[in-house]
Amino acid sequence: MATTRYKSPDYYLVDELLTDEHKLIRGAVRDWVNRAVIPIIDEANQKHEFPRNLVKELGEIGAFGSYIPVEYGGAGMDQISYGLIMQELERGDSSIRSMASVQSSLVMYPIYKYGTEEQRRRYLPKLASGELIGAFGLTEPNHGSDPGSMLSRFTDEGDHYLLNGSKMWITNAPIADISVVWAKDETGCIRGLIVERGMKGFTTPETLKKWSLRSSSTGELVFADVKVPRENLLPGIKGLKGPLSCLSSARYGIAWGVIGAAMDCYDTALQYSRERVQFNKPIAAFQLTQKKLAEMITEITKAQLLAWRLGVLRNEDRATPAQISLCKRNNVKMALEVARESRQILGAIGISGDFPIMRHMMNLESVITYEGTHDIHLLITGMDITGESAFE
Ligand SMILES: Cc1cc2nc3c(=O)[nH]c(=O)nc-3n(C[C@H](O)[C@H](O)[C@H](O)COP(=O)(O)OP(=O)(O)OC[C@H]3O[C@@H](n4cnc5c(N)ncnc54)[C@H](O)[C@@H]3O)c2cc1C
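Numbering of residues starts from 1 in each chain and follows the order in which that chain's sequence is written. With the structure being a predicted model, the display of local features is reserved for residues of pLDDT at least 70 and the display and counting of side-chain atom pairs for 80 or more, all residues being used for whole-chain, interface and lining totals.

Participant: Would you mind going over the environment of Ile-190 in detail, with residue names and values included?
Facilitator: Per the convention used, a helix needs a DSSP run of H or I reaching at least four residues, while a strand needs a run of E reaching at least two, with both numbered from the N terminus. Here Ile-190 lies in strand S5 (residues 190–196). Note: C-alpha distance between Ile-190 and Arg-276 (86 residues apart in sequence) is 56 Å. Excluding residues within four positions of it along the chain, Ile-190 makes contact with Trp-182, Lys-184, Gly-239, Leu-240 and Gly-242. The contact rule is simple: place each C-beta atom from the backbone, and if two of them lie within 7 Å, those residues are in contact.

Participant: Outline the site of the ligand, supporting the account with residue identities and numerical values.
Facilitator: Around the ligand sit 21 residues, and of these Leu-138, Thr-139, Gly-144, Ser-145 and Thr-373 come closest. For the shell around the ligand, the secondary-structure elements that each account for two or more residues are strand S1 (134–137), strand S3 (160–171) and helix H11 (374–386). Residue composition of the shell around the ligand, by class: 10 nonpolar, nine polar and two charged. Shared between two domains, the shell around the ligand takes at least three residues from each, and those domains are domain 2 (135–232) and domain 3 (241–386). Placing the C-beta atom from the backbone, one calls a residue near a molecule or strand if that atom lies within 6 Å of it. Three classes are used, and their members are as follows: Ala, Val, Leu, Ile, Met, Phe, Trp, Tyr, Cys and Pro are nonpolar, Asp, Glu, Lys and Arg are charged, and the others, Gly among them, are polar. Note: domain ranges come from an automatic or database domain assignment.

Participant: Tell me about the packing of helix H4 (residues 79–92) against helix H8 (residues 287–315), and name the residues and values.
Facilitator: Between two packed helices, what matters for the description is the angle formed by their axes and the separation of those axes. One can describe the packing of H4 onto H8 by two numbers: an axis separation of 8 Å at closest approach and a directional angle of 140°. Compared by their axis directions, H4 and H8 come out oblique. Along the contact surface, H4 presents Gln-79, Ile-80 and Gly-83, while H8 presents Ala-307, Trp-308, Gly-311, Arg-314 and Asn-315. Of the residues that constitute the contact of H4 with H8, the class distribution is three nonpolar, four polar and one charged. Geometry is summarised by axes, namely lines fitted to C-alpha atoms with helices restricted to the contacting stretch, and by angles between N-to-C directions that run from 0 to 180 degrees. Each angle is binned into one of four classes, with values under 35 degrees roughly parallel, values over 145 roughly antiparallel, values of 65 to 115 roughly perpendicular, and all other values oblique.

Participant: Would you mind going over the pairing of S5 in detail, with residue names and values included?
Facilitator: By the criterion of burial, S5 is predominantly enclosed, with six of the seven residues buried. Two strands pair under a simple rule: DSSP has to find at least two bridges between them. The sheet contact formed by strand S4 (residues 178–184) and S5 spans seven bridges and is antiparallel. Within S5, the position partnered with Trp-182 by the bridge is Gly-192. Remark: five residues form the turn of the hairpin made by S4 and S5, two consecutive strands paired antiparallel; Gly-188 in that turn has positive phi of roughly 90°. The exposure scheme places C-beta atoms from the backbone and then counts, for each residue, the other C-beta atoms within 10 Å of its own, assigning buried at 20 or more, exposed at 12 or fewer, and partly exposed in between.

Participant: Please provide a residue-by-residue account of the packing of helix H9 (residues 321–346) against H11, values included.
Facilitator: The N-to-C vectors of H9 and H11 enclose an angle of 140°; their axes lie 9 Å apart at closest approach. One element, H9, and the other, H11, form an angle in the oblique class. Of the two elements, H9 crosses H11, and the hand of that crossing is left-handed. In this structure, H9 uses Ala-322, Ser-325, Leu-326, Lys-328, Arg-329 and Lys-333 to contact H11, whose residues at the interface are His-374, His-377, Leu-378, Ile-380, Thr-381 and Asp-384. Grouping the constituent residues of the contact of H9 with H11 by class yields four nonpolar, four polar and four charged. Crossing handedness: left-handed means the near helix sits turned counterclockwise from the far one by under a right angle, and right-handed means the same turn made clockwise.

Participant: Please provide a residue-by-residue account of helix H10 (residues 357–367), values included.
Facilitator: Within H10, nine of the 11 residues are buried, leaving the element largely enclosed by the surrounding structure. Among all positions of H10, only Ile-357, Met-358, Arg-359, His-360, Met-361, Asn-363, Leu-364, Ser-366 and Val-367 are buried. Those residues of H10 that are buried are in contact with helix H2 (20–46), helix H5 (94–114), helix H7 (241–275) and H9.

Participant: Lay out the domain arrangement of the protein chain with the relevant residues and their values.
Facilitator: Where interface size is given, it is often the accessible area lost as the parts come together that is meant. You can read the domains of the protein chain as domain 1 (2–133), domain 2 (135–232) and domain 3 (241–386). Once you take the C-alpha centre of each, domain 1 and domain 3 turn out to be 19 Å apart. At the junction of the two partners, domain 1 supplies 35 residues and domain 3 supplies 35 residues. Secondary structure elements with two or more residues in the side of domain 1 that touches domain 3: helix H1 (2–5), H2, H4 and H5. Counted by class, the side of domain 1 that touches domain 3 contains 16 nonpolar, 10 polar and nine charged residues.

Spelled out as structure tokens, the structure:
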């Protein structure tokens, strides 16, 4: 149903805030999602498989590193274009958006921002084209919300670094050619290292049995005395602000992305409610259905405006990490609630893979946890407005 009849809601004419270029990019990604993602994504989810054949095409449509300068293989676009790309990809599936988010914000961004010129030239064009797949290793089995306490360590062995430790819940880990890994040096300072597949002692076991993001490849990064060449250290950043700055970029993309999932659920529920007849009336005619739909479009519209404004601030380099937290937290919760309400409108068939809603709902359970949990983002807002940390 949603495959061919999707109509993107725009209740407040937010389109008028976009440039022609924004609309062109969004249209191109939307067409690609309709053609390449929608027809295969339910089956990929049912089979718990990442559709790897889409990676090169994602590169071709400019979904990797859209805001990275052209000279490094990116598209040199602005932040709103990046957001719109994420929105359209997540309308297809959060797994596809997650893959592109990680590649762009968590792998290309730190290499561009903190890498050497040699690292940029070596990795960025291939990451942009999809020739290389990247992963970002911050979370550990015992350190999720508190990455500053991480245990992964490396020592300076003269001609190389020796890396030990493990990372868990890492998007793209089993398929990644390179991983940007955050670990502590001998002084306890967090540094970024580029770890390549094939390095001795480096393994990437897959995490199976997920009920969420089933079309995303998730796994561990395990380091047992891995010799990392000295030239693979990211020289331009020290401390937790390195990974946190990458997360700011990715969280911004999520704040847009989830609007796509919410729009798909809302549009599906709206169409269904007009066609489904009970008690001799379309269920859209019942007040309780209208309440659900009216609240959904209200929240989607608020989320669109929030994301757009955040994009403007990011274009001007004025968005704070706390503002990004507010938008990520609000928009993911909004999308999850829209998915749950849409599922109710479809009744029994809402749980079926013939409709996208249950898949979006399950995906969003990961999205509300990764890149900072819902509660952690609330604490960031709380700290920002009161000046008091309630983390410890
Ligand atoms: C599908 C998926 C993909 C992921 N991809 C990546 C990736 O690519 N790279 C990566 O590095 N990580 C990734 N993650 C990990 C993700 O970022 C972490 O799961 C997240 O940061 C939360 O950590 P945790 O799961 O260890 O939960 P915990 O930190 O153990 O938190 C558990 C609960 O305690 C709460 N809590 C924790 N501290 C506080 C506090 N101070 N006050 C109040 N409540 C608190 C949390 O809000 C949460 O509800 C991924 C996760 C998933 C599910």
